[in-house]
Amino acid sequence: MDEYDLLVKKGNIGIYNSCEVTELVIMEPNKIYNLYTICVFQEKNVTPKKHQYDRFYKKIDLDECSICIFQYELKLTEIKENFEKLIHEYKWISNRKGEYSLKDNDLRRLNKQFIPSIDNNRLNHVLKNNFYSGSYILEFFDEKKKFDFLTEDEEHFEKISKKINKKLPINLFKVRDRLGNFIFQFPVNILNVKTKVASDSWESINFNLDWHPLIKDQSPECILEVDSTLDNNHIGTNFEEYDGNDFQEVNAGNVDSLVNIKIWRKNPRLLLYSDSGHYIKSIGLSMSIGTHNKRYFMNDGEMEFISLNSKDFESSVKNQEYYQYIENSMGIKEKELLEKTLSFKQYTPEHGKLEGLSDLRRLIRENGKNGVWLWDPFLSFDEIINTLFYCPFMGVELKALGSIKSYVRRIYLNENVQNNFKNLSNEINSVQDGLSENEFSNFINGLKENIDNINEYFQRDEDAEWILEQKNHFKNLNSNFKGLNLEFRIQQSKKAHDRFLIFPGNSKRYEQPKVYSLGTSINSFGRNYHILQEVLHPQAVVIVFDKIWKESKGNLIWKYPE
């Protein structure tokens with residue numbers, strides 16, 4: 001039996017009488033093609049009207065095209081015709097008077113997938129109401145992904161996705177890998193499941209199965225599975241045949257930690273339910289003893305008051321249990337893994353510069369296939385040679401962004417010196433009567449000459465001198481520069497002080513960027529107390545870097561090839 005017929009058959013996983021179709025299409029003046037289409041099977045009986053949108057029609061205008069949203073309902077015979085047309089001819093029958101919105105063979109049909117209703121499943125951002133027992137899907141995957149004009153600019157694509165989300169509860173920004181796809185969603189609606197710990201011993205799970213009225217008297221043969229894991233160890237596992245009652249207890253031996261639950265239909269072998277999570281065993285309440293003491297202090301012209309609590313406290317959970325000791329210790333292993341992969345590493349003066357540079361070069365070797373961007377306000381020739389020149393990937397973009405060298409502090413000192421000389425001049429002027437006119441004039445002229453010399457020294461264009469020095473370093477470097485595609489710019493803004501090693505990813509292949517916060521400049525990396533840490537939300541750093549990089553186009557230091 002074909003997977004479509006297996007899933008749509010009455011009572012296998014659901015009761016279906018119709019299908020709701022939602023199309024998102026790109027409409028250009030002479031072209032129309034699929035952005036995302038989902039067909040959700042439902043129990044509802046419908047009498048659809050051809051070439052009409054029973055639900056709604058929405059339009060989002062972009063610069064050179066529009067995104068149109070069509071929603072309508074079809075009978076099972078009609079959606080089956082659409083499905084087979086998609087399989088055999090790679091064409092889609094839209095409700096728009098028989099027009100085909102798809103005319104290519106870039107789709108790959110994937111085998112059936114079960115999508116559980118858990119929160120951290122990305123696909124649930126583009127499925128409909130997958131809240132209960134989960135859904136099966138049949139998916140036609142677009143492997144060409146001709147949507148660069150939408151996804152290349154992250155901020156732009158996020159804004160478009162939010163506009164769509166206001167009209168339709170899907171989030172294409174988070175699930176961009178599904179752009180161009182067709183998904184047929186078969187929600188499991190023949191039963192609702194509730195589970196809870198069966199006893200105080202925390203050994204069993206109690207299942208409550210509520211079957212659909214149409215099959216309640218003939219519920220299928222099933223297997224109930226419970227698997228409890230702690231620190232990657234299976235600490236309690238069991239599966240039992242369903243006894244046909246509304247309530248059934250399954251003893252796994254131990255359900256103290258993460259519990260994975262599945263309900264399998266035996267014939268045909270289909271998954272009807274899957275869930276993972278922790279059951280709440282006890283609620284700890286920390287109670288601190290309040291006092292009337294307050295700390296107050298002046299901050300930026302305003303008086304701040306902080307209510308103080310005593311450091312003595314007591315908890316309603318008096319004794320820590322074995323599994324809590326294990327869970328609390330799992331972070332030690334995680335830290336070792338993070339250090340091994342360089343997702344997190346702490347440096348001390350004992351590590352040394354060579355170890356630090358070796359780690360950076362390793363990151364570049366492992367992640368630099370799409371380019372490497374280095375952002376450090378104290379960047380110079382030496383730091384670039386020690387990092388970006390070690391990238392083994394030919395022709396990838398290597399970007400180095402430093403800052404204008406600032407001598408504000410020294411100029412400020414110069415101003416103080418001049419003021420001191422002026423004060424001294426005023427004091428001498430007050431005793432002018434004690435000097436001859438010629439002696440006084442010579443002394444004042446000497447003071448002015450000293451001030452002019454100091455001013456001339458500090459007003460030298462040392463930025464220009466530094467830039468010339470950097471250019472000469474690169475020009476005189478003994479290298480063939482083979483495979484190098486490097487540009488070194490300096491930013492005018494003095495507001496960016498963090499140091500980052502950025503791997504920009506590839507928007508065409510939907511490869512996400514990776515960003516590492518360096519904690520210190522390259523010139524001291526590995527020699528001081530600092531932390532190398534992978535950034536959890538790298539795209540935000542990429543966007544800011546790209547913005548400042550474009551603003552710094554006129555501040556080129558060196559480029560190869562020219």
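The rules we used
Residues numbered from 1 in each chain as written. Predicted model: local features only at pLDDT ≥ 70, side-chain atom pairs only at ≥ 80, totals over all residues. Heavy atoms only, no water. Helix = DSSP H or I, 4+ residues; strand = E, 2+ residues; numbered from the N terminus. Buried < 20%, exposed > 50% of the residue type's maximum accessible area, 1.4 Å probe, protein only. Contact = heavy atoms within 4.5 Å. Areas by Shrake-Rupley, 256 points an atom, 1.4 Å probe, with all protein chains shown as cover. Pairing = 2+ DSSP bridges. Axes fitted to C-alpha atoms, helices over the stretch in contact; angles between N-to-C directions. Expected span 1.5 Å × (residues − 1). pLDDT = per-residue confidence, 0-100.

If you tally the helices and strands in the protein, you get eleven helices and 27 strands. Taken across its 562 residues, the protein has 43% of its residues classed as buried. In the protein, once contacts between residues fewer than 6 apart in sequence are set aside, the share between residues at least 24 apart is 68%. Accessible area of the protein: about 32400 Å², with a carbon and sulfur share of 48%.

Sheet strands pair via backbone hydrogen bonds, and the direction of the pair is either parallel or antiparallel. Judged by pairing direction, the sheet is antiparallel, and its four strands sit side by side in the order β14-β13-β16-β17 without closing on themselves. On the outer flanks of this sheet lie β14 (233–241) and β17 (270–277), each paired with one strand and no other. The mean angle between the axes of side-by-side strands here comes to 10°, regardless of whether they run parallel or antiparallel. Looking at chain direction, strand β16 (residues 258–265) and β17 are connected through seven bridges and run antiparallel. Across the sheet, residue Asn260 finds its bridge partner in β17, namely Ser276.

Compared with the 20 Å implied by 1.5 Å per residue over 14 residues, the 20 Å span of helix α11 (residues 538–551) between its first and last C-alpha is a close match. Those residues of α11 hidden inside the fold are in contact with α4 (154–167), β21 (372–375), β22 (398–403), β23 (486–491), β24 (500–503) and β25 (514–517).

Caution applies to low-pLDDT parts of the model: their predicted coordinates are not meant to be read in detail. When pLDDT is averaged along the protein, the result is 84; 82% of the residues meet or exceed 70. Per-element mean pLDDT across the protein ranges from 50 in helix α8 (residues 408–430) up to 97 in strand β10 (residues 182–187). Counting contacts from residues 285–291, a segment whose pLDDT is below 50, to residues more than four positions away or on other chains yields 17 contacts. Here residues 407–416 is modelled with pLDDT under 50, and outside its nearest four sequence neighbours on either side it reaches nine contacts, counting other chains as well.

Taking burial as the measure, the six residues of β22 include six buried ones, the bulk of the element. Burial along β22 is two-sided: Leu398, Ala400 and Gly402 facing one way and Lys399, Leu401 and Ser403 facing the other are all buried. In terms of strand pairing, β21 meets β22 through four bridges, oriented parallel. Residue pairing for β22: Leu374 is matched across the bridge by Ala400. Two strands pair when backbone bridges link them, and β22 and β23 are joined in this way by six bridges, in the parallel orientation. Bridge pairing links Leu401 to Arg489 in β23.

Moving on: unusual backbone geometry. For the bond running from Asn267 to Pro268, omega is -5°, close enough to zero to count as cis. Along the polypeptide, Pro268 turns up in the loop between β16 and β17. Backbone torsion omega between Tyr560 and Pro561 reads -5°, so that peptide bond is classified as cis. If you check the backbone angles, Tyr90 has positive phi at about 50° while not being a glycine. With respect to the secondary-structure elements, Tyr90 resides in the loop between α2 (76–89) and β5 (91–93). In this model, Asn232 sits at a positive phi of 65°, which is unusual for a non-glycine residue.

For the rest of this paragraph, the subject is the pairing of strand β9 (residues 135–142). Of all eight residues in β9, eight are buried; the element is thus mostly enclosed. Side-chain alternation along β9 places Ser135, Ile137, Glu139 and Phe141 on one buried face and Tyr136, Leu138, Phe140 and Asp142 on a second face that is also buried. Relative to β9, strand β7 (residues 107–109) is paired through three bridges, and the arrangement is antiparallel. What sits directly across from Arg108, in β9, is Phe141. Strand direction decides the pairing type here: strand β8 (residues 113–115) and β9, joined by three bridges, are antiparallel. Bridged to Gln113 within β9 is Ile137. Relative to β10, β9 is paired through six bridges, and the arrangement is antiparallel. Within β10, the position partnered with Phe140 by the bridge is Phe182.

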